[in-house]
Amino acid sequence: MQSSLIEIKESVLMWGQCFRVLGLTAGLTMLLLLPALLCLCTPSWTVDLPPSVKALVGSCVVIPCSFDFPPPDKEVSQFTGIWTDSTSHVIYHPETRKSLVQYQNRTDLLGDLRHKDCSLKIDPVQTGDKGPYRFRIEIAQYTSYSFREKTVSITTSIEPEPVKFSVKGEVLEAESVSAQCSVSHSCPLYPPLVTWTHSGHVQLQHQQTGGATWTTTSTVRFQLRRTDHHKPLRCTVTHKGGQQHSAGTVLEVKCRNVRCICIAESNPPCEVHLLQSDRVLSQTRTETSGLITVLTLETEMGLFTSVSCFANNSVGHMDLLLSLPLHHIYIYIGVGVGASGLILMILIIVLARKCCQKSRDSEPYSQKLNEDHVRTPQYTVPLRKISAAVHPPVDCSNDHTYGNDEMFDPDDDTVYANI
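Residues numbered from 1 in each chain as written. Predicted model: local features only at pLDDT ≥ 70, side-chain atom pairs only at ≥ 80, totals over all residues. Heavy atoms only, no water.

Peer 1: Can you lay out the state of the cysteines for me, pointing to particular residues and giving the numbers?
Peer 2: Per the counting criterion, the structure on display carries 4 disulfides. A sulfur-sulfur separation of 1.7 Å characterises the disulfide bridge that pairs C181 with C235. In this structure, the disulfide formed by C181 and C235 twists by about -80° around the S-S bond and is classed as left-handed. Placement of C181 in strand β14 (residues 176–185) and of C235 in strand β18 (residues 232–238) is noted, with a sequence separation of 54 residues between them. For C235, a relative accessible area of 0% gives the class buried. One disulfide in the model links C262 with C309; its S-S distance is 2.1 Å. Here C309 lies in strand β26 (residues 306–312) and C262 lies in strand β21 (residues 257–265), a separation of 47 residues in the sequence. The pair formed by C262 and C309 is uniform in burial state, with each residue classed as buried. Of all cysteine sulfurs in the structure, the one in C309 sits closest to C270, which takes part in no disulfide; the separation is 8.6 Å. (Disulfide = S-S within 2.5 Å. Helix = DSSP H or I, 4+ residues; strand = E, 2+ residues; numbered from the N terminus. Buried < 20%, exposed > 50% of the residue type's maximum accessible area, 1.4 Å probe, protein only.)

Peer 1: Tell me about the pairing of strand β16 (residues 201–210), residues and numbers included.
Peer 2: Direction of pairing for β16 relative to strand β17 (residues 213–223): antiparallel, over a ladder of 9 bridges. Each bridged residue has a counterpart across the sheet, and for L204 the counterpart in β17 is S218. Adjacent in sequence and paired antiparallel, β16 and β17 are bridged by 2 residues, among which G211 carries a positive phi angle near 60°. (Pairing = 2+ DSSP bridges.)

In structure tokens:
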């Protein structure tokens, strides 16, 4: 019993010594790591600026810069920021006379040193402004420090950055179109001026896109008109200093209109109408050339699902009904002259001819009238051929009615093989 108590006492003493050794070791470790931890938490002499920037000669350049320093024992409020070149010549000093002559009145400190902002502006940029440049801070009643480990160089150019232009390639008449121009630059104090060849609602945006680069974006929105077809849409960017650059395209406007054309040949000449549900469509244009009457209708798709071409004279009448597919945007109903090379969408031909007075089997009436010889109308010739097709929209500037103003030979079947 007594020996057991002795063993327990020795164990307790042994564990106590172990804990004392571990505590001493932990304390020593903390003392050794404390300076390192203090270094991590305490600011040091650091500067943050891009290694290089691009600048347009004649414009300005802003070099972003920020710095930090170890906290002084007492509050400081007087700072002097200085920029020098690689040979320690001063390019900026709050006292202008202390700067190199070639930099005087061209350099300025934009940042607030009390907020640790040391950003520099050079305006206007010259071809000799290459650097490298470094920053130096002088803090009254504390110390001074030159950040030699970090410098910034300038790459100058006499040509502006290219303009990025974008717009929807093919647009419809009366649609709202949006075009955009953007350009990179290094002069946020005087961003580029963007102008457009087309009027509209313009939105302008300026943003820093990284380092010493800013982007100006101009967006114009307008409603397309038929007269805009094949007209240039361009933006012109004017930088500080007068340098200009432009970009753009030629507008391709597609019409919303359906074009229906009815052609009738008869003697005497007939009246031609386009009807929808027995209602005469009024937005038509009629042209007469000899015995041929041409009726043209242009209207927006969606106003009707079918059209009827109706021709009548003192001899008789004919009509033709054609349904229009609803799932297509543009449909053209037309007649062409010639074999190929003309894009025709839908063909309606109404032919009525007068023949001899005597009998139905007599010779058809000649195309060329003899002014001294008049024949009495007897019957009409039936419709020769109808062809229909659905095609994409065509250019709004194409107002030609596919050559229908020309006279054609009604006995020549080749003129109807248009599709």
